[in-house]
Amino acid sequence: MRRRKFLTLRRRKFLTLLGSVAVAFPLAARAQQASKRPTVALVLYRAAIESALLAAFTERLHQLGWIDGRTVVIENRWSEGRPEQIAEIAAQLVQEKVQVIVTYGAAVATLKQATTSIPIVVIAYDPVGSGLVASLSRPGGSVTGLSLQAPETAGKRLELLRQLVPGLGRLAILFDATYLATVLEKDNVQSVARHLGLEVEPFETRRAEDIAPAFDALKGHTDALYVAGNSANAARIASLALNMRLPTTFEFAVPVRAGGLMSYGPDLADLFRRAADFVDKILRGAKPGELPIEQPTKFNLAINLRTAEALGLSVPPILLATADELIE
C-alpha cells in the first residue's frame, strides 16, 4: 500500500511537471517568434505635419502582409527640425540593429554615413549625383529607393507661381546650403527664372537659426519666395512668409497646409507608399543594391486658398480646376 502511494505521488509530480513544460513551451515559442519580428524604422522631421506620410507607408505595408505589432515592428523617429538629432537617431538605430531604415530629404546623407550594413530605403534628390548610389539601375551597397529628381518641375513651379502672382518680377530663393541636391536645385531655378526674365537673389541657410535673419535680409526686396529644400523647417518658413505677406512656392504640399501659398512636385505620400514596396522586397530577402532606383510618376499641385485670400491674390479658374489639393 505504501509503495503504491509513493508511485502515485511520483506520477502526480511527473504530470504536474509535464503540464508546466507544456505551458511554458508555447510561451517561449511565442516569445521567440515575437523576437524574430523585423523592425522597420522611419526617420522623419515633424510628427505634426508628416503623420500622413507615415499613414501612407503603414497602410501599404499592411496591404503587403506586414502588420505593425504582429508581423513587423514599425518605429517612428522624429527629429523635430533639429539636424543634430538625426545623427543621434542614426546612432541609436545602428545600435539597435534594425532591419530597414526609411527616410527622405537631408536626413538621407546622415544615415548613409552612419551605416553601410543596414538597408536604407530613401526618397532623395539625385541619388547618383549626390553619391548615394552607383547608378539608378544597380545602386550597389545598402541604399535603394526613389529619386525626387525632376528638373522640369522647377520651370512648371515658376509658371504656376507667375499665374498666381501677377506682375512677378523679383524672386528670392531660400535654399539649404548643407545639402548638395538643394544647391543644385537652386542653380537650376536661377537659370529657369532668368530665362523667364525674373530678377533672382538666392539666400542660403545652414541651420534653423539662419532662417529668421534670411527673412530680414529679403524683406522688401522680392515679390515671391521659392523654397528649395529646408524640409525640416518648411512649415516655419511658410508661417514667416505669410506674416510678411510674401507668396511662397514649395515642392511638397506639407508646408502649404501650414500656410504656404502653393506647391508643385512629386506626390510625397505616393512615394512613401512605393517605399513600402521596397521594404517588403528587402524583408523577403532582396538585396537593396540590386533594386533599381525608381522615378516619381505622380505629381501634385496644392494651393492654399486661405493664404491666397490673405495675400489679396485671386486664383485663376484654370488652377482651381486643375489643382490636386485646395486648402480652404
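Note that the structure is predicted; figures quoted are calculated from it, not measured. (Residues numbered from 1 in each chain as written. Predicted model: local features only at pLDDT ≥ 70, side-chain atom pairs only at ≥ 80, totals over all residues. Heavy atoms only, no water.)

1. Examining the side chain of E251
Next up, step 1: As for its placement among the helices and strands, E251 is situated in the loop between β9 (248-250) and α9 (254-257).
Next up, step 2: Not counting the four nearest positions on each side in its chain, E251 is found in contact with Y125, L148, R157, S263, Y264, G265 and P266. (Helix = DSSP H or I, 4+ residues; strand = E, 2+ residues; numbered from the N terminus. Contact = heavy atoms within 4.5 Å.)

2. Some details on the sheet that holds strand β4 (residues 120-124)
Next up, step 1: Reading across the sheet, the 5 strands line up as β2-β1-β3-β4-β5 and stay open at both edges, with parallel pairing between neighbours. The sheet terminates laterally at β2 (73-78) and β5 (143-147), the two strands that pair on one side only. The mean angle between the axes of side-by-side strands here comes to 20°, regardless of whether they run parallel or antiparallel.
Next up, step 2: Across 4 bridges, strand β3 (residues 100-104) lies against β4 in parallel orientation. (Pairing = 2+ DSSP bridges. Axes fitted to C-alpha atoms, helices over the stretch in contact; angles between N-to-C directions.)

3. Here's the deal with the sheet that holds strand β11 (residues 299-304)
Next up, step 1: An order of β7-β6-β8-β9-β10-β11-β12 is seen for the 7 strands of this open sheet, with the pairing classed as mixed. The outermost strands of the open sheet, each flanked by one partner alone, are β7 (199-205) and β12 (325-327). Taken pair by pair, the neighbouring strands of this sheet meet at an average axis angle of 20°, ignoring direction.
Next up, step 2: With 7 bridges joining them, strand β6 (residues 170-176) and β7 adopt parallel strand pairing. Across the sheet, residue D176 finds its bridge partner in β7, namely T205.
Next up, step 3: Each of β6, β8 (224-228) and β9 touches helix α8 (residues 234-243); the most contacted strand, β9, lies at about 165° to it.

4. What to know about the environment of P119
Next up, step 1: Turning to its location among the elements, P119 is positioned in the loop between α4 (107-114) and β4.
Next up, step 2: Relative accessible area serves as the criterion here: at 13%, P119 is assigned to the buried category.
Next up, step 3: Not counting residues within four places of it along the chain, the set of residues in contact with P119 comprises Q99, V100, I101, S142, I282 and P288. (Buried < 20%, exposed > 50% of the residue type's maximum accessible area, 1.4 Å probe, protein only.)

5. Overview of the confidence of the model for the protein chain
Next up, step 1: Considering every residue of the protein chain, the mean pLDDT works out to 86; 88% of them sit at 70 or more.
Next up, step 2: In this model, residues 1-9 is a region of pLDDT below 50 whose contacts with residues beyond four sequence positions or in other chains number 0 contacts.
Next up, step 3: Predicted confidence is poor over residues 13-34, with pLDDT under 50, and the contacts of this stretch with residues over four places away or in other chains come to 1 contact. (pLDDT = per-residue confidence, 0-100.)

6. What about the nonpolar core?
Next up, step 1: By size, the foremost hydrophobic cluster in this structure holds 53 residues, and its most contacted members are L42, F57, V102, I123 and F272.
Next up, step 2: Contributing elements (two or more residues each) for this core: β1 (39-44), α2 (47-63), α3 (83-96), β3, α4, β4, β5 and α10 (268-283).
Next up, step 3: Looking at this core, the element that brings in the most residues is α10, giving 9 residues.
Next up, step 4: Here F272 is in contact with L42, L44, L53, F57, V102, Y104 and I123, once residues within four sequence places are set aside.
Next up, step 5: Core analysis: the second largest hydrophobic core is formed by 29 residues, A154, L160, Y226 and L261 among them. (Core = buried A, V, L, I, M, F, W, Y, C linked by side-chain atoms within 4.5 Å.)

7. Structural notes on the pattern of salt bridges
Next up, step 1: If you walk through the whole model with that rule in mind, you get 12 salt bridges.
Next up, step 2: Ionic pairing is found between E185 and R157, a salt bridge with its closest N-O pair at 3.6 Å. Of this pair, E185 sits in helix α6 (residues 180-195) while R157 sits in helix α5 (residues 152-164), and the two are 28 residues apart along the sequence. Exposure class is identical for E185 and R157. Each is buried.
Next up, step 3: With a shortest N-O distance of 2.8 Å, E325 and R257 are connected by a salt bridge. With E325 in strand β12 and R257 in helix α9, this residue pair connects regions lying 68 residues apart in the sequence.
Next up, step 4: Shared partners join several salt bridges into a network, and the residues in it are E75, R77 and E96. (Salt bridge = Lys/Arg side-chain N within 4 Å of Asp/Glu carboxyl O.)

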